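Examining the three-dimensional arrangement
Each chain is listed here by its residues.
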Amino acid sequence: MKAWRIAGLAAVPFVLAALAIGFFLFERQGGLAPYRIPHASGRVVANDAQTLARGEYLARIGDCAACHTAPGGAPFAGGRGFATGYGMIYSSNLTSDREHGIGAWSIDEFAHAMRHGVSRRGPLYPVFPYEHFATLADADIEAIFAWLRSLPASANVPPANHLDFPAGWRPALVLWRMLHYRPVPSAPANEDRGRYLVDGLGHCAMCHSTREANGALAADGYLAGGRIPVSGWYAPPLDAKRLQRYSIEQLADYLRSGAGDYGAAYGPMAEVVYRSLQFLDEEDAVAMARYLKSVPARPARKAAFTLLPEPPREPVAGNGAEIYWRHCGDCHVDDGEGKSGQFPALRDAVAASAPDPIDAVRMVLYGGFAAATARNPQPYSMPPFVQTLSAAEIAAVTHYVRETFGGQRSQLTAADVEAMHGIVLD
């Protein structure tokens, strides 16, 4: 009995230390404030034509439809699935339906969910970028809410999330927030319009920032590039170094058209351009471009991908240069400079120069399809070679392109290409 008492006394300092650390982390994520869902204050949101038009524009820039519309489903009625490392999460219904949508919500509840990531259902999963939306000005949140409330009601009930324990238990999200979430204040919409759009509504960092092994955004990885979780595409850095060859006007036009002298938007970025960025007005596009070109480049971090097998790495069979001349040269030209206005240059292109070869491999495997936009209504596409070239040939030509036009020695093998097979739809 005495031994137990001594052990208990000895444990007291550790228990107190753990409580102190827990309290500190809990306060850092906002304390109890995020979990106090506000009651309706009776505040009325304007719904005049000007407010609704602004709300529609902001919702488009925020790319809300992409996440909250299921394939073939009613717009904004939810149900699009997002695969994560801990299961499948389905987006919520944002239409004016009072039971299944946000028709019964007050502006206070909506603003709280946008700013704190907590709704009537409890803490929201971080696939919803509330940390970015927290920076939005009150007037912008109100305009988005007014426009969403004007949408036709849909009684669609999204599927239930399918998540592993403990991720499926919402209270466990409090621990995640304690470790990774830090509240940020809202920002004046006109103080730095470009940064306001990039960091807030555009939430560009969700794809273009480096992530830690646990999936959280790295503190030193802001817009530094990295693989997008689950989809596996590589999103390049968005900084002054990566974007130095673009003028502000060229970059602004790329955001709205999805194509330019230095390449086109493919993969997930093509959807972002199609659903969202093509609707930017010229002033906002220029503001975003100006800010992105001012972002300091971050030191390169170790890549999160692994090439197989390792070691040893034997050279791939086949002549990459010969394969390139036979299958790629007609469009991209022997020197990789492409044809202006038709086929993009490969020299220094993202897929060729990125530290991660996955975009280049996928483009050769399954082709590339840029978004059709008002400013680029008939984009050129790249055909797939998955049924034309063997895995070894794809490895060889990808290595040739990346070494010759991007200065990257990938040393891909057929096994690497086989591991990257599979079309990612979401």
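Now for a description of the structure that goes with this document.

1. A short note on the overall build of the protein chain
The helix and strand inventory of the protein chain stands at 18 helices and eleven strands. Buried positions account for 47% of the 426 residues belonging to the protein chain. In the protein chain, 68% of the contacts between residues at least 6 apart in sequence involve partners at least 24 apart. Of the roughly 21800 Å² of accessible surface on the protein chain, 59% is carried by carbon and sulfur atoms.

2. Structural notes on the packing of aromatic side chains
The description of an aromatic ring pair rests on the distance of the ring centres and on the angle between the ring planes. In this structure the tally under the stated criterion is eleven aromatic pairs. For the pair F110 and F145, a centre-to-centre distance of 5.1 Å together with 40° between the ring planes defines the contact as tilted. Of this pair, F110 sits in helix α4 (residues 107–116) while F145 sits in helix α6 (residues 138–149), and the two are 35 residues apart along the sequence. Look at F145 and you get buried, because its relative accessible area is 5%.

3. As for the environment of G338
For G338, the position within the fold is in the loop between α14 (329–332) and α15 (350–353). You can call G338 buried: its relative accessible area is 14%.

4. Quick word on helix α16 (residues 358–366)
Judged by how many residues are buried, α16 sits mostly within the fold: nine of nine residues are covered. For α16, the full list of buried residues reads I358, D359, A360, V361, R362, M363, V364, L365 and Y366.

5. Side note on the packing of α16 against helix α17 (residues 391–406)
For the pair α16 and α17, the least separation of the axes is 10 Å and the interaxial angle reads 130°. The angle between α16 and α17 places the two elements in the oblique class. Between α16 and α17 lies a crossing whose hand is right-handed. Side by side, α16 and α17 meet where A360, V361, V364 and L365 of the first sit next to I394, V397, T398 and R402 of the second. Of the residues assigned to the contact of α16 with α17, the class counts are six nonpolar, one polar and one charged.

6. Details of the side chain of Q278
One can find Q278 in the loop between α11 (268–275) and α12 (282–292). In terms of polar contacts, Q278 uses its side chain to reach the backbone carbonyl oxygen of Y274, at 2.8 Å. At a separation of 3.2 Å, a polar atom in the side chain of Q278 contacts the main-chain amide nitrogen of A374. Once residues within four sequence positions are removed from consideration, Q278 is found in contact with L255, R256, V273, A372, T373 and A374.

7. Examining unusual backbone geometry
Look at the link from F165 to P166: it is a cis peptide, with omega at 5°. The topology assignment puts P166 in the loop between β5 (162–163) and α7 (172–180). Notably, L223 is not glycine yet its phi reads approximately 55°, a positive angle.

8. Describing helix α2 (residues 49–61)
For α2, with 13 residues, the first-to-last C-alpha span of 18 Å sits near the 18 Å given by 1.5 Å per residue. For α2, the secondary structure elements touched by its buried residues are α3 (64–68), α6, α8 (193–201) and α12. Where α2 ends, the next residue or the one after it, D63, has phi of about 60°, a positive value.

9. So, the sheet that holds β5
Taken together, the three strands give an open sheet; going across it, the order is β1-β2-β5, and neighbouring strands pair in antiparallel fashion. Two strands bound the open sheet, and with one partner strand each, they are β1 (81–84) and β5. Here strand β2 (residues 87–90) pairs with β5 via two bridges, running antiparallel. The partner of G87 across the bridge, within β5, is L163.

10. Digging into a negative patch on the surface
Together, E249, D281, E282 and E283 line one region of the surface with negative charge. Within the fold, E282 resides in helix α12. Overall, E282 belongs to the exposed group, its relative accessible area being 55%.

11. Some words on the pairing of β2
Judged from the four bridges that link them, β1 and β2 form a sheet pairing that is antiparallel. Directly across from G81, in β2, lies its bridge partner Y90.

12. Here we look at the pattern of salt bridges
The final tally for this structure, using the stated rule, is 14 salt bridges. The salt bridge involving D138 is made with R115; its shortest N-O contact spans 2.8 Å. Within this pair, whereas D138 is found in helix α6, its partner R115 is found in helix α4, the two being separated by 23 residues in sequence. For D138, a relative accessible area of 48% corresponds to the partly exposed category. Among the ionic pairs, D356 bridges to R227, the shortest N-O distance being 2.5 Å. Remark: R227 occurs in strand β6 (residues 226–227) and D356 occurs in the loop between α15 and α16; sequence separation between them is 129 residues. A residue is classified by how much of its surface remains accessible, and D356, at 4% relative accessible area, is buried. Overlapping salt bridges, with partners in common, bring together R43, D108 and E142 in one network.

13. Observations regarding the nonpolar core
F110, L136, L148, V198, L223, L280 and M288 are the most contacted members of the largest nonpolar core, which totals 55 residues. Elements represented by at least two residues in this core include exactly α2, α4, α6, α8, α10 (248–257), α11 and α12. Looking at this core, the element that brings in the most residues is α6, giving seven residues. Of all hydrophobic cores here, the second largest spans 30 residues; its members include L346, M363, A395 and Y400.

How each quantity is defined
Residues numbered from 1 in each chain as written. Predicted model: local features only at pLDDT ≥ 70, side-chain atom pairs only at ≥ 80, totals over all residues. Heavy atoms only, no water. Helix = DSSP H or I, 4+ residues; strand = E, 2+ residues; numbered from the N terminus. Buried < 20%, exposed > 50% of the residue type's maximum accessible area, 1.4 Å probe, protein only. Contact = heavy atoms within 4.5 Å. Areas by Shrake-Rupley, 256 points an atom, 1.4 Å probe, with all protein chains shown as cover. Phe/Tyr/Trp six-rings, centres within 6.5 Å; stacked < 30°, edge-to-face > 60°. Axes fitted to C-alpha atoms, helices over the stretch in contact; angles between N-to-C directions. Parallel < 35°, antiparallel > 145°, perpendicular 65-115°, else oblique. Left-handed = near helix turned anticlockwise from the far one by under 90°. Nonpolar A, V, L, I, M, F, W, Y, C, P; charged D, E, K, R; others polar. Polar contact = N/O pair within 3.5 Å; in protein donor to acceptor, adjacent residues only side chain to side chain. Expected span 1.5 Å × (residues − 1). Pairing = 2+ DSSP bridges. Patch = residues over 30% accessible without salt bridge, like charges linked within 9 Å, V, L, I, M, F, W, Y side chains within 5 Å. Salt bridge = Lys/Arg side-chain N within 4 Å of Asp/Glu carboxyl O. Lys, Arg positive; Asp, Glu negative; His and termini not counted. Charge placed at Lys NZ, Arg CZ, Asp CG, Glu CD. Core = buried A, V, L, I, M, F, W, Y, C linked by side-chain atoms within 4.5 Å.

Shape descriptors only; they carry no functional weight alone.
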